[in-house]
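Here's the letter readout for the chains.
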Amino acid sequence: MKKHFLLTIALVVATLTGAWAATVTFADPLTDGHEGQGTIYYQLNTDTKEATVVAGTWQYTKNIFIPDEVEYNGEPYAVTKIAAYAFRNSYDLDLVHLGANVHTIESNAFYMCGTTDRPVTINFDSDGLEVLQSNAINQVVLSPNRGDSIVFGKNVKQLGDASATSTSNWCSWGTRLGVRYYGVEEGNAYFCSVDGVLYNKDKTRLISYPRSNSATSFVIPSTVTTVCTYAFQNVQNITTITGGENVVRIGSVVSGSITSFPVGPKVTSMSATAFMYCAYGFLPVVDDANPRFKLKGSPQTGYALYDYNYTVKDDPTVYIALCRYFRTVNVATFKIPADVTYIADYAFYSHPYVKYVDFQDCTGLRSSKIAGTAFHSTTYSVQFLNADNIFANVDG
């Protein structure tokens, strides 16, 4: 690797994990054939002799080739991490090539990068890469790194939160343009790909479904117990999802072309935003044997999802919650059922038809048990009917 030249020292000394460190600015002299390379900013740990790519004075642009190591005061520093928010708002970024020593991409490292006209390519198949923290790729327009696929290297061991009960993911809300398949290099002990869908090794966690896959239906394997957040985000062609009889946890998953999604008999945990961005006409298929979640309604009144074991932090009470009123029918008035004691976050999010919510039969609900975002982004300013007694302190 050719030597990279020191341009400036942005901060002479700083403290990093208890060791003296310096934030140093380097620029590739363009002698390695890396056209469009710009200045790269680092924070150096002079104790461990490691360098972390950090945010600079300006957003990164065009092509960034991160070297295996940089030199400072005659000593080599291995470039091992991409810091949180390092590439934040780098809309004009085209390519990030990770050096062989980069093993960790921290949360939100690539927050708000790229556009639909200028997606970003990152070599996730680098042999050095081991960890992509939760939301490492957050609100990013991402393109394939190998053909029409995103391929992960053989040493990647963490995508999102490592906790077994978490639904967090490596890639948060964003667009993965042209991605037809996910791949995992042979020899990876932690992840696998089946028919282009990304799972952990034993296929208990469904991590990512490829956005541009041409299939119109998909069966969640019986091995899956967790559907990770954004696993099915912005998919283009798939409409029907079935299976999932052993799924226990569902993250925020459904958007794009999907019109149905299974809530099996074992589901006990579901994100408040699981169906927040679902398509018009979408309905979950809730197994009758599930004791917690129920889908109720009719073609005339529309359908809503209820949680019969709803709890709130620091509150021991168990509520019956209205979780989501789906956008399936043009009805102006929705009548809250008599047994509902809580209206959950995003229950009516972005609903295009509801103008009135009638509480005539609902006597167990109190004003403090309507979540602040329950009526967020509705088309109309929703008015409450027959609510004089129990909703006197609630804003309409």
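Note that the structure is a prediction, hence the values are computed from the model and not measured. (Residues numbered from 1 in each chain as written. Predicted model: local features only at pLDDT ≥ 70, side-chain atom pairs only at ≥ 80, totals over all residues. Heavy atoms only, no water.)

Things to note about the packing of aromatic side chains
Under the counting rule described, the total for this entry stands at 24 aromatic pairs. Between F275 and F282 the ring centres are 5.2 Å apart and the planes differ by 35°, which places this aromatic pair in the tilted class. Looking at F275, the relative accessible area reads 4%, which means it is buried. Given a relative accessible area of 0%, F282 falls into the buried group. A centroid spacing of 5.8 Å and a plane angle of 55° characterise the contact between Y325 and F348, whose relative ring orientation is tilted. Of the two residues, Y325 is situated in strand β29 (residues 315–325) and F348 in the loop between β31 (342–343) and β32 (356–358); the sequence distance between them amounts to 23 residues. The class for Y325 is buried, based on a relative accessible area of 0%. An aromatic cluster is present here, built from Y209, F218, F232, F261, F275, F282 and F326 joined pairwise through their rings. Between R327 and the ring centre of Y280, over which it is positioned, the NZ or CZ distance is 4.4 Å. When the ring centre of Y380 is taken as reference, the NZ or CZ atom of K355 above it lies at 4.7 Å. (Phe/Tyr/Trp six-rings, centres within 6.5 Å; stacked < 30°, edge-to-face > 60°. Buried < 20%, exposed > 50% of the residue type's maximum accessible area, 1.4 Å probe, protein only. Helix = DSSP H or I, 4+ residues; strand = E, 2+ residues; numbered from the N terminus. Lys NZ or Arg CZ within 6 Å of the ring centre and 35° of its normal.)

Some points on the environment of F232
Its location among the elements puts F232 in the loop between β21 (226–227) and β22 (240–243). Judged by relative accessible area, which is 0%, F232 ranks as buried. Along the chain, F232 and S257 lie 25 residues apart, while their C-alpha atoms are 9.8 Å from each other. With residues near it in sequence (within four places) discarded, F232 still touches L206, Y209, F218, V227, I241, V253, V254, S255, I258 and F261. (Contact = heavy atoms within 4.5 Å.)

With respect to unusual backbone geometry
Note: most peptide bonds trans; most residues except glycine with negative phi. Of note in the backbone geometry, D195 takes a positive phi value of approximately 55° without being a glycine. Here D195 is to be found in the loop between β17 (191–194) and β18 (197–200). With a relative accessible area of 69%, D195 lands in the exposed category. For N234, which is not glycine, the phi dihedral falls at a positive 60°. Tracing the backbone through its elements, the reader meets N234 in the loop between β21 and β22.

A word on the sheet that holds strand β25 (residues 269–270)
For sheets, the rule is that strands pair by backbone hydrogen bonds, running either parallel or antiparallel. Taken in spatial order, the six strands of this open sheet run β17-β18-β19-β21-β23-β25, and their pairing is mixed. Each end of this open sheet is capped by a strand with a single partner; those strands are β17 and β25. The sheet contact formed by strand β19 (residues 205–208) and β21 spans two bridges and is parallel. Residue pairing in the sheet places R205 in a bridge with T226 of β21. (Pairing = 2+ DSSP bridges.)

Here we look at the sheet that holds β31
Strands sit in the order β27-β28-β29-β31 across an open sheet of four strands; the sheet is mixed. Of all strands in the sheet, those with a lone pairing partner are β27 (293–298) and β31, marking the two edges. Sheet topology note: the β29/β31 ladder contains two bridges and is parallel. For L322, the partnering residue across the bridge sits in β31 and is I343.

Considerations on the pairing of strand β26 (residues 283–286)
Look at any regular strand and the pattern is simple: side chains alternate between the two faces of the sheet. What you see with β26 is a clean split: P284 and V286 sit on the buried side and L283 and V285 on the side with no burial. Of the strand pairs in this sheet, strand β24 (residues 260–263) and β26 are connected by four bridges, and their pairing is parallel. For S260, the partnering residue across the bridge sits in β26 and is L283.

Looking at the pattern of salt bridges
Under the counting rule described, the total for this entry stands at nine salt bridges. When the shortest N-O distance is used, the salt bridge between R118 and D92 registers 3.6 Å. In this pair, R118 is assigned in the loop between β9 (104–105) and β10 (121–122) and D92 in the loop between β7 (75–82) and β8 (93–97), connecting sequence segments 26 residues apart. The exposure class of R118 is partly exposed, given its relative accessible area of 28%. Under the relative-accessibility criterion, D92 is labelled partly exposed at 40%. K157 serves as the salt-bridge partner of E130, at 3.6 Å between the closest nitrogen and oxygen. Here the residue E130 occupies a position in the loop between β10 and β11 (131–132), and K157 occupies one in the loop between β13 (149–152) and β14 (158–159), the gap between them amounting to 27 residues. Each member of the salt-bridge network shares a partner with another, and the members are D92, D94 and R118. (Salt bridge = Lys/Arg side-chain N within 4 Å of Asp/Glu carboxyl O.)

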